[in-house]
2 protein chains.
Amino acid sequence: MSKFENVTAVKEANIYHNGNVTSRTLEFSDGTTKSLGIMLPGEYTFGTNEAEIMEMLSGELDIKLPGEDWKTLNTPETFNVPANSSFDLKIKTVTDYCCSYIK
Amino acid sequence: MSKFENVTAVKEANIYHNGNVTSRTLEFSDGTTKSLGIMLPGEYTFGTNEAEIMEMLSGELDIKLPGEDWKTLNTPETFNVPANSSFDLKIKTVTDYCCSYIK
């Protein structure tokens, strides 16, 4: 069980897609931010502002990143998403993730 | 937007009911623990070990606490659950909550 110490946790959840995708925001002392989230099975398109590193903590999904073909990823794979882009996901099993935002 | 500062956040989610109920654990410097969670619409029964104070951050639900009748609660209501007990919930709309465990 991994832990993040000395962080600030935002109390309220981020809720998307009728609650099928939710996350909690963590703020770190170096000014960076991560979100810890859950995606339930379904198909979603997400847009990014900052670049993201998405670490899968549980689950299996298909992903289509900008300019790439669909591919299947299983935990514990990690994928990178460029800033100001969008990507498509087909979540096959409940996916727990840690998203790091890159400034 | 409320925040909890100087906490330790467990990276991995707690996942119940096929992901329809999930939470994240926060550990505080005084040794206490809270979980921040999401409950999607559905009917659930939960058991407690420690007593809990459940603060609703969003959503509407019906609840049956031990020895009580069903009642409807709306955000921002709070309810208390005794230690070593169980309670029933009918979640009507996506419910974001903060659960404090009382030792």
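Above this text sits the structure in question.
Residues numbered from 1 in each chain as written. Chains lettered and ligands numbered in written order. Predicted model: local features only at pLDDT ≥ 70, side-chain atom pairs only at ≥ 80, totals over all residues. Heavy atoms only, no water.

**Student:** Any chance you could explain the side chain of Thr22 of chain A here in plain terms?
**Tutor:** Within the secondary structure, Thr22 of chain A sits in strand S3 (residues 21-27). With relative accessibility at 5%, the residue Thr22 of chain A sits in the buried group. Ignoring any residue separated from it by four or fewer positions in sequence, one finds Thr22 of chain A in contact with Asn14, Ile15, Leu36, Gly37, Ile38 and Tyr97 of chain A together with Ile38 of chain B. (Helix = DSSP H or I, 4+ residues; strand = E, 2+ residues; numbered from the N terminus. Buried < 20%, exposed > 50% of the residue type's maximum accessible area, 1.4 Å probe, protein only. Contact = heavy atoms within 4.5 Å.)

**Student:** I keep staring at the interface of chain B and chain A and nothing clicks. Help me out?
**Tutor:** Frequently, the measure chosen for interface size is the accessible area removed from exposure when the parts meet. In this complex, chain B contributes 32 residues to the contact, which on the side of chain A involves 32 residues. Taking both sides of the interface into account, the surface hidden between chain B and chain A amounts to around 2700 Å²; carbon and sulfur atoms contribute 59%. Area buried by chain B at its contact with chain A is led by Ala9, Lys11 and Arg24 of chain B, which between them contribute 23% of it. One can count 6 salt bridges joining chain B with chain A. Ionic pairing is found between Lys3 of chain A and Glu27 of chain B, a salt bridge with its closest N-O pair at 2.9 Å. The tally of links between chain B and chain A comes to 19 residue pairs in polar contact (both at pLDDT 80 or more). Contributions of two or more residues to the side of chain B that touches chain A are made by strand S1 (3-10), strand S3 (21-27), strand S4 (33-39), strand S6 (51-64) and strand S9 (86-102) of chain B. With 8 residues, the single largest contributor to the side of chain B that touches chain A is S1 of chain B. When its residues are assigned to classes, the side of chain B that touches chain A shows 15 nonpolar, 9 polar and 8 charged. (Buried area = accessible area lost by both parts, 1.4 Å probe. Salt bridge = Lys/Arg side-chain N within 4 Å of Asp/Glu carboxyl O. Polar contact = N/O pair within 3.5 Å; in protein donor to acceptor, adjacent residues only side chain to side chain. Nonpolar A, V, L, I, M, F, W, Y, C, P; charged D, E, K, R; others polar.)

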